[in-house]
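Residues per chain, in single letters:
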Amino acid sequence: MKRRFSYFIIFLCISLFADAQSSYRLISSERISVDDSYDAHRDASLRRYLAPYQALLDRDLHTVLANATASLQAGDPSGALNFWMVDALFRQMSEHCDEPIDMAVINNHAFRKALPEGPITMADMYECIPFENEVVVLKMKASDVMSLMKTIARRGTESFANASIEVKDGRLDKLTINGKAWDKDRVYTIVTIDYLAQ
């Protein structure tokens, strides 16, 4: 019975593929740029309908979250934006998590725009980090943490908080977490984003 069912599925797939090959053909195509040229033909009734929602969105997006004394630029691996973001992640999660956080790690390529000097709004943050990542807390064996930090030392593509490394000849020489030497018997609690946790 199982073999007959498998043959049936194979036959069905071949039939559908063969039918798809013969049933569809490209008639024509063209590339259409979607840009601000369409703004000249705005639908007034649609704008009226969306106005209350736009007002709410504008209110939220223009909320000032912080004030920066200088612009924050991303960089590999030592941009001010990188350090500010990973430190903020570590501080916030340390305050709001039920267990002590040992360190935080984020990827440097997550930033799409620098943050300006002066007021930083929610809109600025969405432009800076437009991805819908989630914050995750991981339990990691000491050996896995060491492997991660060796990769960071070699590539320099992630930023971290509450830890320090010494690199000699492009290799990790010393790792300190939370002011203490790396302990091979520990399980560390790491906060990061789901993109890196995968």
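Anything mentioned here points back to the structure above.
To keep things clear, this report deals only with the structure shown in the data block.

Conventions used here
Residues numbered from 1 in each chain as written. Predicted model: local features only at pLDDT ≥ 70, side-chain atom pairs only at ≥ 80, totals over all residues. Heavy atoms only, no water. Helix = DSSP H or I, 4+ residues; strand = E, 2+ residues; numbered from the N terminus. Buried < 20%, exposed > 50% of the residue type's maximum accessible area, 1.4 Å probe, protein only. Contact = heavy atoms within 4.5 Å. Areas by Shrake-Rupley, 256 points an atom, 1.4 Å probe, with all protein chains shown as cover. Phe/Tyr/Trp six-rings, centres within 6.5 Å; stacked < 30°, edge-to-face > 60°. Salt bridge = Lys/Arg side-chain N within 4 Å of Asp/Glu carboxyl O. Lys, Arg positive; Asp, Glu negative; His and termini not counted. Pairing = 2+ DSSP bridges. Axes fitted to C-alpha atoms, helices over the stretch in contact; angles between N-to-C directions. Core = buried A, V, L, I, M, F, W, Y, C linked by side-chain atoms within 4.5 Å. Polar contact = N/O pair within 3.5 Å; in protein donor to acceptor, adjacent residues only side chain to side chain.

1. Quick notes on the overall build of the protein chain
Thinking step 1. Secondary structure summary: the protein chain contains six helices and nine strands in total.
Thinking step 2. Buried residues in the protein chain amount to 27% of all 198 residues.
Thinking step 3. The long-range fraction of contacts in the protein chain, counting pairs at least 24 apart against all pairs at least 6 apart in sequence, stands at 69%.
Thinking step 4. A total of about 14,600 Å² of accessible surface is found on the protein chain, and carbon and sulfur atoms cover 55% of it.

2. Regarding the environment of Tyr126
Thinking step 1. Tracing the backbone shows Tyr126 in helix α4 (residues 122-128).
Thinking step 2. Taking C-alpha positions, Tyr126 is 8.6 Å from Leu61, a pair spaced 65 residues apart along the chain.

3. Quick word on the packing of aromatic side chains
Thinking step 1. With the rule as written, the count across this model stands at one aromatic pair.
Thinking step 2. Note on Tyr49 and Tyr53: the rings are 6.1 Å apart at their centroids and 55 degrees apart in plane angle, and the pair reads as tilted. Here the residue Tyr49 and the residue Tyr53 both occupy positions in helix α2 (residues 44-61), the gap between them amounting to four residues, near one helical turn. Tyr53 matches Tyr49 in its accessibility class, with the two residues each being exposed.

4. Focus: the pattern of salt bridges
Thinking step 1. Counted under the stated rule, the structure contains seven salt bridges.
Thinking step 2. The salt bridge partner of Asp60 is Arg59, with a shortest N-O separation of 3.1 Å.
Thinking step 3. Given the relative accessible area of 38%, Asp60 is considered partly exposed.
Thinking step 4. The exposed category is assigned to Arg59, whose relative accessible area is 53%.
Thinking step 5. Ionic pairing is found between Lys184 and Asp185, a salt bridge with its closest N-O pair at 3.4 Å.
Thinking step 6. By relative accessible area, Asp185 is classed as exposed at 63%.

5. With respect to the side chain of Asp124
Thinking step 1. Following the sequence through the fold, Asp124 ends up in helix α4.
Thinking step 2. No salt bridge forms around the buried Asp124; measuring N to O, its nearest opposite-charge neighbour Lys113 is 4.3 Å away.
Thinking step 3. Beyond its immediate sequence surroundings of up to four residues, Asp124 is in contact with Lys113, Leu115, Pro116 and Pro119.

6. Considering the sheet that holds strand β2 (residues 103-107)
Thinking step 1. Spatially, four strands are ordered β4-β9-β2-β5 in an open sheet, and the strand pairing comes out mixed. Each edge of the sheet is formed by a strand with only one pairing partner; in this case those strands are β4 (135-141) and β5 (158-161). Geometrically, the sheet is characterised by an average inter-axis angle of 30 degrees between neighbouring strands, direction not taken into account.
Thinking step 2. For β4 and strand β9 (residues 187-193), the ladder comprises seven bridges, and the chain directions are antiparallel. Following the sheet pairing, Val135 is matched in β9 by Ile193.

7. Some thoughts on the nonpolar core
Thinking step 1. Judged by nonpolar contacts, the single largest core of 18 residues is most densely connected at Leu81, Met85, Ala104 and Leu115.
Thinking step 2. Looking at this core, the elements with two or more residues in it are α3 (80-96), β2 and α4.
Thinking step 3. If you tally residues by element for this core, the top one is α3, at six residues.
Thinking step 4. With residues near it in sequence (within four places) discarded, Met85 still touches Ile106, Phe111, Met125, Cys128 and Ile129.

8. Comments concerning the side chain of Asn108
Thinking step 1. Relative to the assigned elements, Asn108 resides in the loop between β2 and β3 (118-121).
Thinking step 2. Overall, Asn108 belongs to the buried group, its relative accessible area being 4%.
Thinking step 3. A distance of 2.5 Å separates a polar atom in the side chain of Asn108 from a polar atom in the side chain of Ser159.

9. Comments concerning the sheet that holds strand β6 (residues 163-168)
Thinking step 1. Taken together, three strands build an open sheet; the order of strands is β6-β7-β8 and the sheet is antiparallel. Of all strands in the sheet, those with a lone pairing partner are β6 and β8 (180-181), marking the two edges.
Thinking step 2. Pairing between strand β7 (residues 171-177) and β8: two bridges, direction antiparallel. Paired with Thr176 across the two strands is Ala181, which belongs to β8.
Thinking step 3. In the packing of helix α5 (residues 142-155) onto the sheet, contacts are made with β6 and β7, and the angle to β7 comes to roughly 125 degrees.

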